[in-house]
Amino acid sequence: MDVSQYTEVFNSEAIELLQSLNETLLALEKNPDDLKPIEAVFRAVHTLKGMAATMNYTCIAQLSHQMENLLDRIRKKECVVSPSLTDLLFECVDVLQNMIERVISDKSDEFDISELIENLKNETEKNKGNSLVKTSTPTVSSNNLNYYKIKIFLEENCALKSVRVYMVFKCLNELGEVVKSIPSSHDLEDEKFNFDFEVYLRTKKQINEIRKTVTDISDVKNVEIELFKDECKEEQTNAVNLFKKESVAGSKKTQTVRVNIGRLDNIMNLVGELVINKAKLDRIAFRYEDLELDEILDQLKMILNDLQNEVVLARMVPIGHIFDRFPRMARDLSRELEKEINFVVEGKEIELDRTVLDEIGDPLMHLLRNAVGHGVEMPDERERIGKARTGMVILSARGEKNNAIIEIVDDGRGMNPAEIRRSAIKKGFISEDEADMLDEEESLRLICLPGFSTAKETTSLSGRGVGVDVVKTKIEALGGSMEIKSKLGSGTKFILRLPFSLAIIQALLVKVKNETYAIPLSDIVEIVELKDFQIKTVKKEEVFVLHDAIVPLIHLEEVFGIKDNGKFEIKNVHIIVVEIGEKRKGLVVDKLIGQQEIVIKPLEEVIGGIMGIAGAAILGDGKVALVLDVRSLLGLSRSI
Amino acid sequence: MSIRVLIVDDAAFMRMMLKDILTKAGYEIVGEAASGLEAVERFKEVKPDLITMDITMPEMDGIEAVRNIRKIDSEVKILMVSAMGQQKLIIESLEAGANDFIVKPFQPAKVIEIIEKVLSRAKV
């Protein structure tokens, strides 16, 4: 059978399975006596094995098969969950991950797993010895799962057939797993069958036992059981087909569909094009002054808005998708460093645009490694200074206006602004005079300078600071911002602000000389009109007074070097007051055009990276407007 | 030794009918109850091998009674007695710990067949 068409489903599902493996293994490690996690681990490994075998990924199938054997022993309480055992299982999961990544990139899962298999076997055998001493139950059944087709005939005078069916299912599910039934369980429930029905059971039990169980149920007249398939590749395929059929039959219940992210990107782009064309249409309609046309355009606008919202929502993914991999990382790292850390994740349900989400995984990883590696002290040290031995690291997400706020908080040693300043002077980043002018927050921000580190010792980790500049750059590239708060002795907090979604934004279009610029509406707080004499100069900087506060001015034509044709002097100027965080400036523009929805297109490498420009947008008249990057204009990013 | 049965039903008519069917088949009726609450009390007194339990009854329904009895005893066989169309309630009772069910109106042979099946399952 050609299985290539299932590759994509396999990949995404395998990744999900690995994720859940990591989570459940963590739960198992925390609570070795709890059977629930081990069942979940077992199920995930088992599913993966079946999938891999179907796809002919023999290495993955082999490894998961060995894991399954070991897990089965744990499940039967035949061996104890020791730290070395969980380590081994984690190692297996890592190797599985590597193999699956290889599958995704090279379409091959070849990998040297002989040593790991050997270890697994040893561990399984080791515990076999134990089990013989402890329990006398002989292991009758082979480890092989079989598929049985069971045909059940009910008595013809049977009342309430559906309840009998329920009892049959209940008993069979105690023996194994009912994979499928004919007619569907739904129809069986509605008694849409005569007196017989078929059930496919996946179980380790033997035919006799199944027969006994089923015939023991009242009103069961007869049972026919045949071995449907053994467990091997070809049959797995059939089993997969069974699932497929069932899912078609039960399609009414299907709530979600997997869509390639590329396809969503395309839809997003097309909607973007629609928005642009709609703007063009608006301009034309303006010329004709036709009421009917205007009405239709209004409706079109509403539909377009809805469509756009839907697409934006369709691209949203819960942040849990990336948060979920961190508990494992925190565990591994704290074990490696012999620290005790309670890692808490909050707000997993907050949703972000897929593109944003894909990009923040690494930055968050950096910050968390810093928190675990450098923030939280060693247990003994913590005890000495009167803190709990177990340190706390919290990763949380929440929504706030147009932004998602992600915080990484640790209750560790915190950062010392004075030390950071000294270090910055020593490394030649700033002069001593400059250092004296910095307040605490500005001092902390020094660690974002490339190549800065105050870590006294280097571990296998990057020192604190290395990587923070990369993080900051990345977050800013996504239109977000990063704030650092730290209190010496009691901890550090990184606050990341990120837009929920990119791409289409509301913007104010303005004219500076002959150029049109778009300013994201979310950055604007106020628009004021000034006579030129109201502009004052303080310390060689032009400012004006707004609500008793002094706001510095930025002349866009100076920033972008637009030539003044100098034909006439403008007496009245428009000031767009923009604000990010607590920083506020006034942008001087010549003319306001109006508010418009724009689609931000990134500038390609050749002309990208211009200070103050976030991208370009195509306007209704087909002209291109540059979209201002208010953050860099306010001097909040490194480039200014 | 014959099987000792407790019959629970709020209708005396039903109790009588069941009693006749069961006695003829050689079972010993050791008690009757007309509500769930009474059923639990009677159960504690007579410790029967089998209970026939009506579902809809005053004070405490049959399902609740099954739950209460199962808290005390996991061995006794409980047979739900139900009218047609009570699928959901029966399933709920089975989940609560009932072993099987019979449906009104009774066919005596069927009732006995099911009871025997339930009891034979127990022997294994």
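So, here is what we can say about the structure in this document. (Residues numbered from 1 in each chain as written. Chains lettered and ligands numbered in written order. Predicted model: local features only at pLDDT ≥ 70, side-chain atom pairs only at ≥ 80, totals over all residues. Heavy atoms only, no water.)

Considerations on helix α6 (residues 161-175) of chain A
- The end-to-end C-alpha distance of α6(A), which contains 15 residues, comes to 21 Å, matching closely the 21 Å that a straight helix rising 1.5 Å per residue would cover.
- Most of α6(A) sits inside the fold, with 11 of its 15 residues counted as buried. (Helix = DSSP H or I, 4+ residues; strand = E, 2+ residues; numbered from the N terminus. Expected span 1.5 Å × (residues − 1). Buried < 20%, exposed > 50% of the residue type's maximum accessible area, 1.4 Å probe, protein only.)

Observations concerning a nonpolar patch on the surface
Residue and element names in this part refer to chain A.
- Side chains of Leu 281, Ile 284, Tyr 288, Leu 293 and Leu 300 sit close together on the surface and give an oily, nonpolar patch of about 430 Å² of accessible area.
- Elements with a contribution of two residues or more to the nonpolar patch: α10 (261-288) and α11 (291-314).
- No other element matches α10, which puts 3 residues into the nonpolar patch.
- One can find Ile 284 in helix α10.
- Since its relative accessible area comes to 35%, Ile 284 is described here as partly exposed. (Patch = residues over 30% accessible without salt bridge, like charges linked within 9 Å, V, L, I, M, F, W, Y side chains within 5 Å. Areas by Shrake-Rupley, 256 points an atom, 1.4 Å probe, with all protein chains shown as cover. Salt bridge = Lys/Arg side-chain N within 4 Å of Asp/Glu carboxyl O.)

Re the sheet that holds strand β3 (residues 50-54) of chain B
Residue and element names in this part refer to chain B.
- Spatial ordering of the open sheet is given by β2-β1-β3-β4-β5, a layout of 5 strands whose pairing is parallel. Whereas interior strands pair on both sides, the edge strands pair on one side only; in this sheet they are β2 (28-33) and β5 (100-104). Between one strand and the next, the sheet's axes are offset by a mean angle of 20°, whatever the strand orientation.
- Relative to β5, strand β4 (residues 77-83) runs parallel, the two being bridged by 5 bridges. Within the sheet, the bridge partner assigned to Leu 79 lies in β5 and is Asp 100.
- Strands in contact with helix α2 (residues 36-46) are β1 (4-8), β2 and β3; relative to β2, the strand with the most contacts, it is inclined by about 145°. (Pairing = 2+ DSSP bridges. Axes fitted to C-alpha atoms, helices over the stretch in contact; angles between N-to-C directions. Contact = heavy atoms within 4.5 Å.)

Notes on the sheet that holds strand β9 (residues 403-410) of chain A
Residue and element names in this part refer to chain A.
- Sheet architecture is open: 5 strands sit in the order β6-β8-β9-β11-β10, paired in mixed fashion. Strands at the two margins of the open sheet, each flanked by one partner only, are β6 (341-346) and β10 (481-487). Across the sheet, the axes of successive neighbouring strands diverge by a mean angle of 10°, strand direction being ignored.
- Alignment of strand β8 (residues 391-400) against β9, held across 8 bridges, turns out to be antiparallel. Following the sheet pairing, Ala 397 is matched in β9 by Ile 406.
- Contacts from helix α14 (residues 354-375) reach β6, β8, β9 and β11 (491-499) within the one sheet, and its direction differs from that of β9 by about 20°.

Structural notes on unusual backbone geometry
- A cis amide bond links Ile182(A) to the next residue, Pro183(A), at an omega of -5°.
- Mapped onto the elements of the fold, Pro183(A) is located in the loop between β2 (176-182) and α7 (185-189).
- With a phi close to 55°, Glu338(A) is a non-glycine residue in the positive phi region.
- Of note, Glu338(A) is situated in the loop between α13 (326-336) and β6.
- Even without being glycine, Lys47(B) reaches a positive phi, approximately 45°.
- Structurally, Lys47(B) is set in the loop between α2 and β3.

Points about the nonpolar core
- By size, the foremost hydrophobic cluster in this structure holds 50 residues, and its most contacted members are Ile150(A), Ile152(A), Leu172(A), Phe197(A), Ile210(A), Ile51(B) and Met53(B).
- Setting aside anything within four residues of it in sequence, one finds Ile51(B) in contact with Leu6(B), Val8(B), Phe43(B), Ile69(B), Val76(B), Lys77(B), Ile78(B) and Leu79(B).
- Counting residues in each nonpolar core, the second largest holds 46 residues, with Leu357(A), Ile360(A), Leu368(A) and Leu498(A) among its members. (Core = buried A, V, L, I, M, F, W, Y, C linked by side-chain atoms within 4.5 Å.)

Thoughts on the interface of chain A and chain B
- Each partner contributes to the interface: chain A provides 19 residues, whereas chain B provides 20 residues.
- Of the roughly 1500 Å² buried between chain A and chain B, counting both surfaces, carbon and sulfur atoms make up 58%.
- Taken together, chain A and chain B are joined by 2 salt bridges.
- Where chain A touches chain B, the interface holds 10 residue pairs in polar contact (both at pLDDT 80 or more).
- Contributions of two or more residues to the side of chain A that touches chain B are made by α6 and α8 (207-215) of chain A.
- Among the elements that line the side of chain A that touches chain B, the one with the most residues is α6(A), at 6 residues. (Buried area = accessible area lost by both parts, 1.4 Å probe. Polar contact = N/O pair within 3.5 Å; in protein donor to acceptor, adjacent residues only side chain to side chain.)

Examining the packing of helix α3 (residues 62-72) of chain B against helix α4 (residues 87-96) of chain B
Residue and element names in this part refer to chain B.
- Closest axis-to-axis distance for the α3/α4 pair is 9 Å, and the angle between their directions is 5°. Judged by the angle between their axes, α3 and α4 are roughly parallel. Residue-level inspection shows Ile 63, Val 66, Arg 67 and Arg 70 of α3 in contact with α4, the latter providing Leu 89, Glu 92, Ser 93 and Ala 96.
- Across the contact of α3 with α4, the residue classes tally to 4 nonpolar, 1 polar and 3 charged. (Parallel < 35°, antiparallel > 145°, perpendicular 65-115°, else oblique. Nonpolar A, V, L, I, M, F, W, Y, C, P; charged D, E, K, R; others polar.)

Observations concerning the pattern of salt bridges
Residues and elements named next belong to chain A.
- In total, this model carries 37 salt bridges over all chains according to the counting rule given.
- Across the salt bridge formed by Asp 216 and Lys 212, the nearest N and O atoms sit 2.6 Å from each other.
- Its relative accessible area of 37% is what places Lys 212 among the partly exposed residues.
- The closest approach of N and O atoms between Glu 579 and Arg 584, which form a salt bridge, is 2.9 Å.
- A relative accessible area of 31% means that Arg 584 is categorised as partly exposed.
- Overlapping salt bridges, with partners in common, bring together Glu 29, Asp 87, Asp 94, Arg 328, Arg 331, Asp 332 and Arg 335 in one network.

Description of the packing of aromatic side chains
All names here are of chain A.
- A complete count under the given rule lists 1 aromatic pair over all chains for this structure.
- Here the aromatic rings of Phe 193 and Phe 197 are separated by 5.5 Å at their centres, their planes lie at 80°, and the arrangement is edge-to-face. Assigned by exposure class, Phe 193 and Phe 197 land together as buried.
- Above the plane of the ring of Phe 193 lies Lys 161, whose end atom (NZ or CZ) is 4.7 Å from the centre.
- We note Lys 161 situated over the ring of Phe 195; from NZ or CZ to the ring centre the distance is 4.9 Å. (Phe/Tyr/Trp six-rings, centres within 6.5 Å; stacked < 30°, edge-to-face > 60°. Lys NZ or Arg CZ within 6 Å of the ring centre and 35° of its normal.)

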